[in-house]
Amino acid sequence: MDKSDSDDGQRRFPKALIIGFSKCGTTALRAFVSLHPDIVSPLEEIRFFTLNYTKGLEWYRLKMPPSSESQITIEKTPFYIMDREALQRIREFNASIKLIISVRDPIGRLQSQYAHTFRNVHDPADRPSFKSWCQGDAFSEHVVRFVDYASHISAVYDLFPKSQILVLSEEALEMDPLSVMKEAEMFLGLRASFSKYDFVFNKDKGFYCFNMTSPNYPNIINSVKLNPDTGCIGGEKGRAHPEIEEDFFKQLVRAIRPHNEQLFSLIGKRFDWDNFKEL
Ligand SMILES: Nc1ncnc2c1ncn2[C@@H]1O[C@H](COP(=O)(O)OS(=O)(=O)O)[C@@H](OP(=O)(O)O)[C@H]1O
């Protein structure tokens, strides 16, 4: 029985949200978790608590896929975490909702954002270098916005108990999605359903993609955009990152490391980020 057999045609509000951070693997996280037979999730980011709030709750509910009573609906909009008003609205909507947050090596996140911002600018002469993009008028603006996970997570902790919040890393999702999915499964109180047959490592992409022969695979048809040949998510994921000149790299590491330490002490868990290993 796949998901479409089990729904009773009703659209239900989310009981869990993936709220951030952008460029931290949130698309893969939503897609992978949707393999679970007890999860349904809309393909698009609904951005209800930020851009679409005035459209009302019924509008939001109708954006959800049909589900059965025993299934959990999950929505992902990575900008929720950046917006204090959106977080307040989420609490008013459902103070017991579960929240999933993915973080990433901040330098990798900056590179990913740079590659995304200039994805249509093919001639390097027509775009700023990575260094000048980071520095801009304010090193502050891009760098601080992309590395300061702690202040945003702390705003979430002010509104929700820690037991309702799961913080994951993009690196774990890239290298070991099965462990991440098992963690998500436990956090969401789901029966064990993920297995090593669900994911296959794609050497060209450098991350895991769906195994189209896995028994869970039919669960994601219609809820994930995939390359039909590889089972990988979206062609735009896995873009080449800009090189960083050595001195600027060292400068970034020094400036960002205290933010990382703030994050680790806030969440009580460390991530072994490659860019911060040596210096
Ligand atoms: N398994 C798998 N499949 C697809 N993509 C994966 C996966 N694991 C990690 N990633 C990396 O996630 C990065 C994109 O993050 P997001 O999906 O949060 O980006 S977005 O904010 O929604 O645009 C994006 O990073 P960059 O490639 O560095 O841009 C993806 O490579």
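Conventions used here
- Residues numbered from 1 in each chain as written.
- Predicted model: local features only at pLDDT ≥ 70, side-chain atom pairs only at ≥ 80, totals over all residues.
- Heavy atoms only, no water.
- Near = heavy atom within 4 Å.
- Polar contact = N/O pair within 3.5 Å; in protein donor to acceptor, adjacent residues only side chain to side chain.
- Areas by Shrake-Rupley, 256 points an atom, 1.4 Å probe, with all protein chains shown as cover.
- 1 Å grid on protein atoms, 1.4 Å probe; cavity = no way out; pocket = protein on both sides within 12 Å on 5 of 7 lines; lining within 4 Å.
- Sits in = over half its atoms within 2 Å of the grid points.
- Helix = DSSP H or I, 4+ residues; strand = E, 2+ residues; numbered from the N terminus.
- Nonpolar A, V, L, I, M, F, W, Y, C, P; charged D, E, K, R; others polar.
- Pairing = 2+ DSSP bridges.
- Buried < 20%, exposed > 50% of the residue type's maximum accessible area, 1.4 Å probe, protein only.
- Core = buried A, V, L, I, M, F, W, Y, C linked by side-chain atoms within 4.5 Å.
- Contact = heavy atoms within 4.5 Å.
- Disulfide = S-S within 2.5 Å.

Novice: Please explain the site of the ligand as it appears in this structure.
Specialist: Close to the ligand lie 22 residues, the nearest being Thr26, Thr27, Ser112, Gly238 and His241. Within the side chain of Thr27, a nitrogen or oxygen atom sits 2.5 Å from an oxygen atom of the ligand. The contact in question runs from an oxygen atom of the ligand to an N or O atom on the side chain of Arg104, over 2.8 Å. If the ligand stood free it would expose 650 Å²; the protein chains cover 94% of that surface. In a pocket analysis with a 2 Å cut-off to the grid points, the ligand is assigned to the largest pocket. Of all the elements in the fold, those that place two or more residues in the shell around the ligand are helix 2 (26-33), helix 9 (170-175) and strand 9 (207-210). It is helix 2 that contributes the most residues to the shell around the ligand, 4 residues altogether. Class assignment of the residues belonging to the shell around the ligand gives a composition of 7 nonpolar, 7 polar and 8 charged.

Novice: Would you mind going over the environment of Thr117 with me for this structure?
Specialist: You can see Thr117 is positioned in helix 5 (residues 106-117). At a separation of 2.8 Å, a polar atom in the side chain of Thr117 contacts the main-chain carbonyl oxygen of Gln113.

Novice: For this particular structure, what's the right way to read the sheet that holds strand 5 (residues 72-76)?
Specialist: Two modes of strand pairing occur in sheets, parallel and antiparallel, and in both the strands are linked by backbone hydrogen bonds. With parallel pairing, 5 strands are arranged side by side in an open sheet as 3-5-2-6-7. In this open sheet, the two edge strands, each paired with only one partner strand, are strand 3 (39-40) and strand 7 (165-169). By the bridge criterion, 3 bridges tie strand 2 (residues 16-20) to strand 5 in an arrangement that is parallel. For Ala16, the partnering residue across the bridge sits in strand 5 and is Ile74.

Novice: Looking at this model, I keep getting lost on the pairing of strand 7. Mind explaining?
Specialist: Side chains on a regular strand alternate between the two faces of the sheet. Taken across its 5 residues, strand 7 has 5 buried, putting it largely inside the fold. Of the pairings in the sheet, the one linking strand 6 (residues 98-103) to strand 7 comprises 5 bridges and is parallel in character. Residue Ile101 lies in a different strand from strand 7, and its bridge partner there is Val167.

Novice: Could you clarify how one ought to interpret the nonpolar core in this entry?
Specialist: Soluble globular proteins: nonpolar side chains tend toward being buried together. One finds Ile19, Ile90, Ile101, Val103 and Ile153 to be the most contacted residues of the largest nonpolar core, which totals 49 residues. The residues contacting Ile153, other than those within four sequence positions of it, are Phe21, Ile81, Ile101, Val103, Val167, Leu263, Leu266 and Ile267. Listed in part, the 28 residues of the second largest apolar core include Ala16, Phe32, Ile72 and Val224.

Novice: Teacher, can you tell me more about the state of the cysteines here?
Specialist: One way to say it: the disulfide is the covalent bond shared by the sulfur atoms of two cysteines. Scanning the model with the defined rule gives 1 disulfide in all. Two residues share a disulfide in this structure: Cys209 and Cys232, whose sulfurs sit 2.0 Å from each other. Judged by the sign of its S-S torsion, about 90 degrees, the bond between Cys209 and Cys232 is right-handed. With Cys209 in strand 9 and Cys232 in the loop between strand 9 and helix 11 (246-267), the pair connects residues that are 23 residues apart, well separated along the chain. Exposure remark for Cys209: the relative accessible area of 2% places this residue in the buried category.

In short, shape yes, function no, at least from these values alone.
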